[in-house]
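Analysis of the macromolecular model
Residues per chain are reported as follows:
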Amino acid sequence: MHHFRPRSYIKVLVLIIMLAIALSSQAQTGTILSGHLTEKKIPLEMATVILYRQTDTSKAIKFTTTDSTGHFLFTNIMPGGYLLKLSLVGYKTIMLPVTLTNAHVPVNLENLILSKDDNYLKSVIVTAQKKLIEKTPQGFIVNAAANITALSGTATDLLKNTPTVSVDAEGAVTLRGKTPLVLINGRNSAITNLDQIAASSIESIEIISNPTARYDANAESGIINIKLKKNKQNGTNGAIALGAGMGARGRINSSAIINHKTKKWNLGLGYDNRFAGRTRTISSNRTNFFLPDEYKLNQHRDDKRLDQLQNLKLNIDFSPNAIHSFSFEAIGNKEGQDNDENLFSTLYKQNQTLNSNTNRHSLEYELSKVAEFALGYNRKFEDDRKLFSVNLTSSLNRDRENTTITSHQLDKDNIIISNPSYQKTHNYENGKISNAMIDYATPVSKKGILETGYKGIFRSITADFLTADLVNNNYITNTAASNIFIFSEQVHAFYFSYGSYTGTADSKKWKYDFGVRAEQVNNNGHTQNNTSKFSNQYLKLFPNASLVYYNTPGSHFKFSYGKRINRPGLGQLNPFIDITDSLNPHSGNPNLKPEIIHAIELGYNKEWNNTSFSSNLFYRYALNTIRPYAQLQPNGASLTFPVNIGTAITYGIETIVTAKPSKVYDVNASASLFKQQLSGQVLSEDFAQNAVGWNAKLINNLAPWQGCKIQITGSYNSALATPQGKRIAQYFADIGMQQKIGKGNTRVGLIVSDVFNTFKNGFTNNTNDFYSQRIGKADTRAFVFTFAYTFKAAFKEKLLENQFSRDY
């Protein structure tokens, strides 16, 4: 397998950018007319810009809208006299005369200003309320700051209160019953633990339930794209935010961001942290039907944990002119967990006599560091349907986990009866993931657009697990419980798609698109001594298509089909058996095959003045479906590992309703009902399962007086059958309040998470060989006070409310 060489990769990227610049300059036949539109130094996005000839103002010759920075661009403009019309709802329209004298000299109109229309002000105040959700063609975007009950937490906490997303008490995220692909700023990242991302650093969360060919095929249930904050306001701006509270133990968080923007440069620096003391208890039991000497196992575990999170983010944007722009982003992430764990394990024989009774005390110190870099180039065109971009990213992670374990043998009264035994373990992981992305879109007719591009994913991981036992005052490595596993993977993907519509741009009747993505995958893994290894190479095609029918203004039906894949990762492929808990070991499975999924969706969307409704019927058929499987061992331990069970059929309905019945109250309600049919065979054991599950969320927003927001959220995730048992129901409620002070650049708030202390996780397994049960409960109820302050009024809404940006 060929190794990825970063220097060669950067050379290729530079050559592509230079070629794009050369081609674009050669294609220029007229001059460039550009401008920047603001209101009190705040860029105005989505303003309409129309260019007329002075001799004929009845016919527009150019048309565009301003981008998220307030800029607009016209190309190929011949010398002559023109009129420029600038308009935006809620602002006074202006007409400017423009004279171009030289076809080779660009003209840039800086400091174009629109003033507010006082006669329209009241209607603007009523209609411009901040939305929790913004619909997109592939799903929807959630405004992170509108979710005030999670502002002091992490990305996991934000997703708990995101419509249609399920998050269990262990932090596992699912969409429609399966794990989605998670992207950071649209890219694959080494930040795989969502608790590594502070909520205060997130601008928005995009849910893509039916991705097109442009997106990775490795997204069985969809994509969650987390977009981090990035300011584009003029001048120097900044903000700070603080939070402090108490659950079972104390917790604090803070964040600061500063930005400076000039005509060509945009520099930003942000920092956030979070420190939280946590507790958790886990109780479990297992009955082994055919092992009379290891018949009944009872376990109880208590954890005291300190979470430590710090993030540093730098962004640099450079726009030498209105056509070309370059961006650089660097993220430094440091996460630590100090865990003090006590585990009591009592094993009984079938005649109810004691077999063994042990206490294991573990001190675990975990430190994870991530460095991520992203370099991008974008080329703008007069026709905003045309796009060319190149992006290079690289993400490095260094994870270190060191544990010291002290074990005692106890009698039936829990009195120590033996000398302690000592163990040390470490679990180290070094990883790198790099992305190369090239995207190009161009109109091929008045209504049709062709998109094509390439994406390369280059991943390498080395996992080192070691266990050592203290013997005669020396720690001796236990080779049976130690392993170094090396994994590498390359994914080369090419895609194309075509989309068009019938009717007019403002009044479409039908809209359709279709495309295909080809992915070549090469991966391999092996232990350091080559006792276990695997290698996979395969090329697969992933077609998709969608058809939209606009039956009335504000409503439409949509049908879509897509083929997807679920590729096993390192944790699922590594054959090493982790025996940290010797009675409940787990391992990967190097023989896993990728899941292949066919997904069909039929949706309806309707918009009214104060209400929106969307509902989707979905169907998925999966081959080689991957599920965890627990197998009883001769010594009474239960070994869990992933397997390909067979086929899985999932179908259901998903509905989101947003309403604003009054000026002081709005509500978002979402629910998903689905059924899973699983059939197959594992180790000669047949599986045939029908499982019905559902989840629902309700988000209530109140504005009882000026400057005050109150949010009450509730979530319920039903019990669900698993291949060998059942997962328990999970539910919680959160309350948050936020109050503006003074001119609005200061805010204070109070958040109460899991008000009724009900959020817990658990499952039961019931097989021919054993029955087991496990219940876990963390200190999910907490009280947190928040404070936020901004300087420069132009920046306050961006930082404290996270206005939507279309810069994706």
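Residues numbered from 1 in each chain as written. Predicted model: local features only at pLDDT ≥ 70, side-chain atom pairs only at ≥ 80, totals over all residues. Heavy atoms only, no water.

Quick notes on the overall build of the chain
Scanning the chain from N- to C-terminus turns up 5 helices and 44 strands. Its C-alpha atoms give the chain a radius of gyration of 29 Å, within 12% of the compact-globule value 28 Å for 808 residues. Its C-alpha atoms put the chain at 100 × 60 × 55 Å along the principal axes. Every one of the 808 residues in the chain was classed for burial, and the buried ones make up 48%. When contacts within the chain are restricted to residue pairs at least 6 apart in sequence, long-range pairs at least 24 apart make up 67% of them. For the chain, the accessible area works out to roughly 37,400 Å², and carbon and sulfur atoms hold 57% of it. (Helix = DSSP H or I, 4+ residues; strand = E, 2+ residues; numbered from the N terminus. Rg over C-alpha atoms; globule rule 2.2 N^0.38 Å. Buried < 20%, exposed > 50% of the residue type's maximum accessible area, 1.4 Å probe, protein only. Contact = heavy atoms within 4.5 Å. Areas by Shrake-Rupley, 256 points an atom, 1.4 Å probe, with all protein chains shown as cover.)

Section: the environment of Met-437
Structurally, Met-437 can be placed in strand E23 (residues 421-443). Between the alpha carbons of Met-437 and Asp-769 there is a distance of 50 Å; along the sequence they are 332 residues apart.

Some points on the sheet that holds strand E9 (residues 133-136)
Strands sit in the order E9-E10-E14-E15-E13 across an open sheet of 5 strands; the sheet is mixed. Whereas interior strands pair on both sides, the edge strands pair on one side only; in this sheet they are E9 and strand E13 (181-184). When strand polarity is set aside, the average angle formed by the axes of neighbouring strands in this sheet is 20 degrees. Note: E9 against strand E10 (residues 139-143), 4 bridges, orientation antiparallel. Looking at E10, one finds that Ile-133 is bridged to Val-142. (Pairing = 2+ DSSP bridges. Axes fitted to C-alpha atoms, helices over the stretch in contact; angles between N-to-C directions.)

Some remarks on the side chain of Asn-717
Mapped onto the elements of the fold, Asn-717 is located in strand E37 (residues 708-717). A relative accessible area of 11% places Asn-717 in the buried class. Of note is the side chain of Asn-717, whose polar atom sits 3.4 Å from the side chain of Arg-727. Excluding residues within four positions of it along the chain, Asn-717 makes contact with Ser-166, Trp-694, Asn-695, Arg-727, Ala-729 and Gln-730. (Polar contact = N/O pair within 3.5 Å; in protein donor to acceptor, adjacent residues only side chain to side chain.)

Structural notes on the pattern of salt bridges
When charged atoms on two side chains of opposite charge get close, those side chains can pair. Evaluated as defined, the whole model comprises 22 salt bridges. We note a salt bridge from Arg-187 to Glu-329, for which the minimum N-O separation is 2.4 Å. Taken as a pair, Arg-187 in the loop between E13 and strand E14 (202-208) and Glu-329 in strand E20 (residues 324-348) lie far apart in primary sequence, 142 residues in all. Of the two residues, Arg-187 and Glu-329, both sit in the buried class. The partner of Glu-372 in a salt bridge is Arg-187, with the nearest N and O atoms 2.8 Å apart. Taken as a pair, Glu-372 in strand E21 (residues 354-379) and Arg-187 in the loop between E13 and E14 lie far apart in primary sequence, 185 residues in all. (Salt bridge = Lys/Arg side-chain N within 4 Å of Asp/Glu carboxyl O.)

A word on the nonpolar core
For soluble globular proteins, the rule of thumb is that nonpolar side chains tend to be buried together. Core analysis: the largest hydrophobic core is formed by 36 residues, its most contacted members being Leu-159, Val-165, Ile-197, Ile-202, Ile-224 and Ile-226. For this core, the elements supplying multiple residues, two or more each, are E10, helix H3 (155-160), strand E11 (165-167), strand E12 (173-175), E14, strand E15 (223-228) and strand E28 (533-552). Sequence-distant contacts of Ile-226, that is, excluding residues within four places in its chain, are made with Ala-155, Val-182, Leu-183, Ile-184, Asn-185, Leu-194, Ile-197, Ile-202 and Ser-204. (Core = buried A, V, L, I, M, F, W, Y, C linked by side-chain atoms within 4.5 Å.)

Things to note about the packing of aromatic side chains
Any aromatic ring pair is given by two values, namely how distant the centres are and how the planes are angled relative to each other. Using the criterion set out here, one finds 18 aromatic pairs in the structure. When the ring of Tyr-716 is compared with that of Tyr-731, the centres are 5.6 Å apart and the planes differ by 15 degrees; the resulting orientation is stacked. Residue Tyr-716 is located in strand E37, and its partner Tyr-731 is located in strand E40 (residues 730-741); the two are separated by 15 residues in the primary sequence. With relative accessibility at 29%, the residue Tyr-716 sits in the partly exposed group. Using a relative accessible area of 37% as the deciding quantity, one classes Tyr-731 as partly exposed. Taken together, Phe-326, Tyr-377, Phe-388 and Tyr-440 form an aromatic cluster joined through their ring pairs. One cation-aromatic arrangement involves Lys-563 over Phe-542; the distance from NZ or CZ to the ring centre is 5.8 Å. (Phe/Tyr/Trp six-rings, centres within 6.5 Å; stacked < 30°, edge-to-face > 60°. Lys NZ or Arg CZ within 6 Å of the ring centre and 35° of its normal.)

Observations concerning the sheet that holds strand E6 (residues 80-87)
If you trace the 4 strands from one edge of the open sheet to the other, you get E4-E3-E6-E7, paired in antiparallel fashion. The two strands at the open ends of the sheet, each matched to only one other strand, are strand E4 (56-65) and strand E7 (94-100). For this sheet the average axis-to-axis angle between neighbouring strands, irrespective of direction, equals 30 degrees. In this sheet, E4 lies alongside strand E3 (residues 48-53) in antiparallel orientation, the contact comprising 6 bridges. Bridge pairing in E4 links Ile-50 to Phe-63.

Quick notes on the environment of Thr-404
Note on placement: Thr-404 falls in strand E22 (residues 387-409). With a relative accessible area of 34%, Thr-404 lands in the partly exposed category. The residues contacting Thr-404, other than those within four sequence positions of it, are His-361, Ser-362, Leu-363, Gln-423 and Lys-424.

As for unusual backbone geometry
The phi torsion at Thr-164 lies on the positive side, around 70 degrees, for a residue other than glycine. Within the secondary structure layout, Thr-164 lies in the loop between H3 and E11. For Asn-472, which is not glycine, the phi dihedral falls at a positive 55 degrees. By the element assignment, Asn-472 lies in the loop between strand E24 (449-471) and strand E25 (474-477). A relative accessible area of 69% means that Asn-472 is categorised as exposed.

Observations concerning the environment of Asp-464
Here Asp-464 is to be found in strand E24. Apart from the residues lying within four places of it in its own chain, the contact partners of Asp-464 are His-426, Asn-427, Tyr-428, Asn-483 and Ile-484.

Looking at the side chain of Lys-455
Note on placement: Lys-455 falls in strand E24. Accessibility expressed as a relative area gives 8% for Lys-455, which makes it buried. For Lys-455, the side chain forms a polar contact with the side chain of Asp-216, separated by 3.0 Å.

Focus: the confidence of the model for the chain
Of the residues in the chain, 91% reach a pLDDT of 70 or more, and the chain-wide mean stands at 86. Put simply, helix H2 (residues 121-127) is where the chain has its lowest mean pLDDT, 40, and E21 is where it has its highest, 95. Confidence over residues 20-28 falls short of pLDDT 50; this stretch has 10 contacts with residues more than four positions distant or in other chains. Contacts from residues 793-808, a stretch scored under 50 in pLDDT, to residues over four places away or in other chains number 72 contacts. (pLDDT = per-residue confidence, 0-100.)

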